[in-house]
Structures are given as structure tokens and as C-alpha cells.
Amino acid sequence: MNDSRDDARFDQAMRALHAQSLSNISSSTRARLRVARHAAAAPAGARETRRGFGWVLASGCAAVFALVIGLQLRPPQTPVAPAAAPAIAATPAGYDVDSAVAVLDENPDLYLWLASNDDAMPSLEQ
């Protein structure tokens, strides 16, 4: 019970100090506070449009600079002569069909990926 009376006295003392501080504010400070309050109450869309344009401009410039630097760091390209196409009917001497299929069996990630995408395929049952 004593705590609530202490809280009420504290609130009353703080309200009195606040009222006293408001009466001691100069007119120039009140004018600046009024301008700041009206600027804060301005439509948010107008402020954010200006600020958003700055971010778009800044990110666009950063992208252009990154592209220029990336193009300068690229190794020079040498023209490549077209190679003769291998015969389709001929199989290379070291090619083994069983080892090609074994490579697919060694990496089960493909099958895990297919199993995780079961909901993407339409079901035949209706």
C-alpha cells in the first residue's frame, strides 16, 4: 500500500517538473520543435520516396562498378579453332557402359532430390 502512495507522489513530482520545464522553453526552441513535429508528421510516402531513390541510385552505382571491375579482371579470350566432331557411331576404346551406369549409382543425391520433389509431380491416381 505504501508503494502505491510513493508511486503517486513520484508521478505528481515528475508532472510538476515537466510543466515547469515547458514554461521555461524559449520561443525559438518552441518554433524549432514545432517545425520538427510537422516534419515528422509529414506523409511517410513523400519522405520514403526521396530516401528510396537514393538507395536505388547508390545500389545501381555499386552494381556498375562491380561489373566494370569484373570485366577488367576477366582473363583475355583467345579464339578457339573448331575441333573435328567425333563420329557418333564409334565408341572410344576406353568407354565402358557398365562404369557409366555405376557413376550414377555412386551419387545417390539425384535420387534423394527426386524423392524430395514427389509433391511436384502430378499423381496418376484420382
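That block above? That's the structure.
Described in the following lines is the structure provided in the data block. (Residues numbered from 1 in each chain as written. Predicted model: local features only at pLDDT ≥ 70, side-chain atom pairs only at ≥ 80, totals over all residues. Heavy atoms only, no water.)

So, about the overall build of the protein chain. Looking only at helices and strands, the protein chain features five helices and zero strands. Per-residue burial for the protein chain yields a buried fraction of 0% across its 126 residues. Total accessible area on the protein chain is roughly 12,100 Å²; 65% of this is exposed by carbon and sulfur atoms. (Helix = DSSP H or I, 4+ residues; strand = E, 2+ residues; numbered from the N terminus. Buried < 20%, exposed > 50% of the residue type's maximum accessible area, 1.4 Å probe, protein only. Areas by Shrake-Rupley, 256 points an atom, 1.4 Å probe, with all protein chains shown as cover.)

Taken as a whole, this structure holds one salt bridge when the rule is applied. Salt-bridge contacts for aspartate 6 lead to arginine 9; the nearest nitrogen and oxygen are separated by 2.4 Å. In this pair, aspartate 6 and arginine 9 both sit in helix H1 (residues 2–23), three residues apart, roughly one turn of the helix. Relative accessible area serves as the criterion here: at 33%, aspartate 6 is assigned to the partly exposed category. Using a relative accessible area of 52% as the deciding quantity, one classes arginine 9 as exposed. (Salt bridge = Lys/Arg side-chain N within 4 Å of Asp/Glu carboxyl O.)

A few words now on a nonpolar patch on the surface. Taken together, the side chains of Leu110, Tyr111, Trp113 and Leu114 present a nonpolar region at the surface, about 430 Å² in accessible area. For leucine 114, the position within the fold is in helix H5 (residues 109–116). Classification of leucine 114 by relative accessible area gives partly exposed; the value is 43%. (Patch = residues over 30% accessible without salt bridge, like charges linked within 9 Å, V, L, I, M, F, W, Y side chains within 5 Å.)

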